[in-house]
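The lines below spell out each chain.
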Amino acid sequence: MSTRTINGGISFWYAQDGIPAPREPLTGDATADVVIVGGGYTGLWTAYYLKKAVPFLNITVLEARFCGYGASGRNGGWLYNGIAGRDRYAKLHGHEAAVRLQRAMNDTVEEVVRAAAEESIDADVHRGGVLEVAYTPAQLARLKAFHAAELAFGEKDRLLLGARETAERVRVAGAVGSAWTPHGARIHPVKLVKGLAAAVEALGVTVHESTPVTEIRPKHAVTPYGTVRAPYVLRCTEGFTASLKGQRRAWLPMNSSMIATEPLPADLWETIGWEGRETLGDMAHAYMYAQRTADDRIALGGRGVPYRFGSRTDNDGRTQPETVEALREILIRFFPQLAGVAVTHAWSGVLGVPRDWCATVTLDRSTGLGWAGGYVGSGVATANLAARTLRDLVQQDSGQSGPTDLTALPWVNHKVRRWEPEPFRWLGVQGMYAAYRGADRRELSTHAATTDRVALVADRVSGR
Ligand SMILES: Cc1cc2nc3c(=O)[nH]c(=O)nc-3n(C[C@H](O)[C@H](O)[C@H](O)COP(=O)(O)OP(=O)(O)OC[C@H]3O[C@@H](n4cnc5c(N)ncnc54)[C@H](O)[C@@H]3O)c2cc1C
């Protein structure tokens with residue numbers, strides 16, 4: 001890692017846009033109609049839509065650090081239509097139910113863009129779609145199979161591009177093909193979450209920061225400074241959920257790390273292309289994701305040390321030097337002409353992975369406890385759909401409305417078993433990612449035309 005790299009500080013997005021001024025913590029016991037635990041996209045969008053729907057509702061958000069401290073202030077800025085678990089939901093609830101879920105996700109990309117515009121949030125939105133490239137024969141085989149499966153599923157607007165057409169968009173070294181979908185936009189994650197927190201407050205929602213919830217039980221959110229009592233307590237803590245009492249083996253906190261380069265000069269951009277500013281990914285097993293930022297850097301992420309023993313989560317975004325180096329190598333593999341370019345920032349965050357890799361949104365009508373998450377790295381748009389669904393579930397439960405299209409989606413009230421206890425959890429995740437990294441290396445060096453067997457076994461064992 002170069003001495004010029006700033007590592008941590010929550011994320012590059014905060015280095016660029018500044019840490020927000022702190023909001024007051026809770027100062028004693030309180031009551032509300034709805035209390036929301038966690039001030040990321042899920043919690044804030046939920047507060048937003050609930051308050052918009054029922055302006056007289058008394059809503060309190062309790063945030064351990066500051067709004068956007070978690071993945072919502074650190075992500076790759078892919079606002080896109082992927083949702084973890086769609087194919088499993090098709091198996092469990094039928095094809096038509098999964099199609100409804102996918103359509104809702106496609107619409108969600110539009111909804112985030114629309115709502116941000118309505119609230120005058122300038123989040124550097126660029127609607128360039130999502131481009132996923134293959135640069136080995138095995139990746140190309142997966143890409144073609146993926147594209148055929150998406151067409152068969154009903155996603156007719158996904159394009160399969162050859163090497164030349166790919167290069168016309170982005171010149172990734174050795175790329176042999178790609179797939180593109182229009183359902184994606186690049187965003188600046190922090191500008192969105194900061195704007196959303198301000199919009200929610202302006203609507204009249206109470207937001208307390210520096211207020212960690214130590215225990216959630218029916219009608220109670222307990223903090224060191226007092227307890228907020230409310231008929232509905234909604235847990236929106238995603239990758240941090242395991243640190244709550246009784247939740248240690250719920251969603252596994254998986255790390256994802258990112259780097260950002262210095263702004264690249266125009267002559268380098270001429271060699272790269274990427275004028276459409278698509279969000280850019282690949283078909284490797286330990287995949288990467290990237291965006292061209294509004295100020296012409298490349299921000300690129302991937303799996304670092306995937307998981308910390310005992311579901312530990314955070315150290316303000318610092319990541320391991322070897323992870324920074326591994327991400328830099330991916331950057332240079334994609335764009336060898338960037339070998340001399342400085343990596344100015346590196347950071348990491350946690351996302352929530354359920355045992356069956358299926359995102360969920362739930363309201364337990366007998367207790368008033370609700371939650372949403374387990375987005376497995378596809379949460380920027382999904383959190384918005386989850387939030388509108390939580391709104392509908394709360395309104396339905398409180399008799400203000402009936403069932404809606406959203407409450408009928410197959411991910412609602414989905415139950416998932418817990419992760420294995422330690423050390424099996426740690427060993428399993430380390431083993432899985434070692435298997436994926438090995439498979440990527442072999443596919444690259446052997447030019448095999450099919451997916452590495454070890455990766456297929458890892459997929460089956462992990463339930464991915
Ligand atoms: C590095 C990285 C890159 C990613 N890139 C993408 C991407 O490009 N596209 C995409 O779709 N998804 C991406 N994701 C995933 C996406 O960012 C998340 O799924 C999404 O932001 C989750 O939002 P959330 O509000 O549910 O959780 P978070 O944003 O993590 O918010 C949870 C909040 O709860 C607070 N909290 C935790 N515990 C408590 C407590 N006990 N009491 C009170 N508050 C608490 C935290 O401080 C935090 O602010 C990425 C994730 C990471 C880490």
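The structure we're discussing is the one just above.
This structure is a prediction, so every number in the text was calculated from the model and none was measured.

A. Layout of the overall build of the protein. For the protein, the count of helices and strands is twelve helices and 21 strands. Relative to the globule expectation of 23 Å for 464 residues, the C-alpha radius of gyration of the protein, 21 Å, shows essentially globular dimensions. Along the first, second and third principal axes, the C-alpha set of the protein runs to 60 × 50 × 45 Å. The buried share of the protein, taken over its 464 residues, is 52%.

B. Spotlight on the pairing of strand 14 (residues 232-235). Residues Y232 and L234 of strand 14 are buried on one face, and the alternating residues V233 and R235, pointing to the opposite face, are buried as well. Strand direction decides the pairing type here: strand 3 (residues 34-37) and strand 14, joined by four bridges, are parallel. Considered in strand 14, the bridge of V37 is made with R235. Bridge analysis of strand 14 against strand 21 (residues 369-373) gives three bridges, and the strand direction is parallel.

C. View of the pairing of strand 4 (residues 59-62). Burial along strand 4 is two-sided: I59 and V61 and T60 and L62, pointing in opposite directions, are all buried. Once you follow strand 3 into helix 2 (residues 41-53) and on to strand 4, the crossover reads as right-handed. Where strand 4 and strand 10 (residues 206-208) come together, three bridges link them in parallel fashion. Counterpart to L62 in the pairing with strand 10 is H208.

D. Broad picture of the sheet that holds strand 11 (residues 215-217). Sheet architecture is open: four strands sit in the order 2-13-12-11, paired in mixed fashion. Edge positions in the sheet fall to strand 2 (30-31) and strand 11, since each of these pairs with one other strand and no more.

E. Representation of the site of the ligand in the model. Close to the ligand lie 43 residues; G38, G40, G70, G349 and G379 are nearest. Mapped by element, the contributors of at least two residues to the shell around the ligand are helix 2, strand 15 (252-261) and strand 19 (343-353). Each residue belonging to the shell around the ligand can be placed in one class, and the counts come to 20 nonpolar, 19 polar and four charged.

F. View of the packing of helix 2 against helix 7 (residues 189-203). Relative orientation of the contacting elements helix 2 and helix 7 amounts to 35°, with a least axis distance of 9 Å. Both helix 2 and helix 7 take part in a crossing whose hand is left-handed. Touching Y41, L44, W45, A47, Y48, K51 and K52 of helix 2 are V193, L196, A197, A199, V200 and L203, all from helix 7. Of the residues belonging to the contact of helix 2 with helix 7, the class tally is eleven nonpolar, no polar and two charged.

G. Layout of the environment of Y80. If you trace the backbone, Y80 turns up in strand 5 (residues 78-80). For Y80, a count of 25 C-beta atoms within 10 Å puts it in the buried group. Note: C-alpha distance between Y80 and A381 (301 residues apart in sequence) is 6.0 Å. Leaving out residues up to four positions away in the same chain, Y80 has contacts with V109, V130, H183, G184, T279 and A381.

H. Representation of the nonpolar core within the structure. Membership of the largest hydrophobic core comes to 131 residues, with the highest contact counts inside it found for V34, V35, V37, L44 and L196. Those residues within four positions of L196 in sequence are excluded, and the remaining contacts are L44, W45, Y48 and I121.

I. Geometry of the sheet that holds strand 14. With mixed pairing, six strands are arranged side by side in an open sheet as 10-4-3-14-21-20. Strands with a single pairing partner mark the edges of an open sheet, and in this sheet they are strand 10 and strand 20 (360-364). Taken pair by pair, the neighbouring strands of this sheet meet at an average axis angle of 15°, ignoring direction. Docked against the sheet, helix 2 engages strand 3, strand 4, strand 14 and strand 21, running at close to 175° with respect to strand 4.

J. Inspection of helix 2 at higher detail. The end-to-end C-alpha separation of helix 2 is 18 Å, in line with the 18 Å expected for 13 residues at 1.5 Å each. Burial runs high along helix 2: eleven of the 13 residues are buried. Of all the positions in helix 2, only Y41, T42, G43, L44, W45, T46, A47, Y48, Y49, L50 and K51 are classed as buried. Check the buried side of helix 2 and you find it contacts strand 3, strand 4, helix 7, strand 14, strand 21 and helix 10 (382-397).

Each value, and the rule that gives it
Residues numbered from 1 in each chain as written. Predicted model: local features only at pLDDT ≥ 70, side-chain atom pairs only at ≥ 80, totals over all residues. Helix = DSSP H or I, 4+ residues; strand = E, 2+ residues; numbered from the N terminus. Rg over C-alpha atoms; globule rule 2.2 N^0.38 Å. Buried ≥ 20, exposed ≤ 12 C-beta atoms within 10 Å, placed from the backbone. Pairing = 2+ DSSP bridges. Right-handed = clockwise from strand over helix to strand, strands pointing away. Near = placed C-beta within 6 Å. Nonpolar A, V, L, I, M, F, W, Y, C, P; charged D, E, K, R; others polar. Axes fitted to C-alpha atoms, helices over the stretch in contact; angles between N-to-C directions. Left-handed = near helix turned anticlockwise from the far one by under 90°. Contact = placed C-beta atoms within 7 Å. Core = buried A, V, L, I, M, F, W, Y, C linked by C-beta atoms within 7 Å. Expected span 1.5 Å × (residues − 1).

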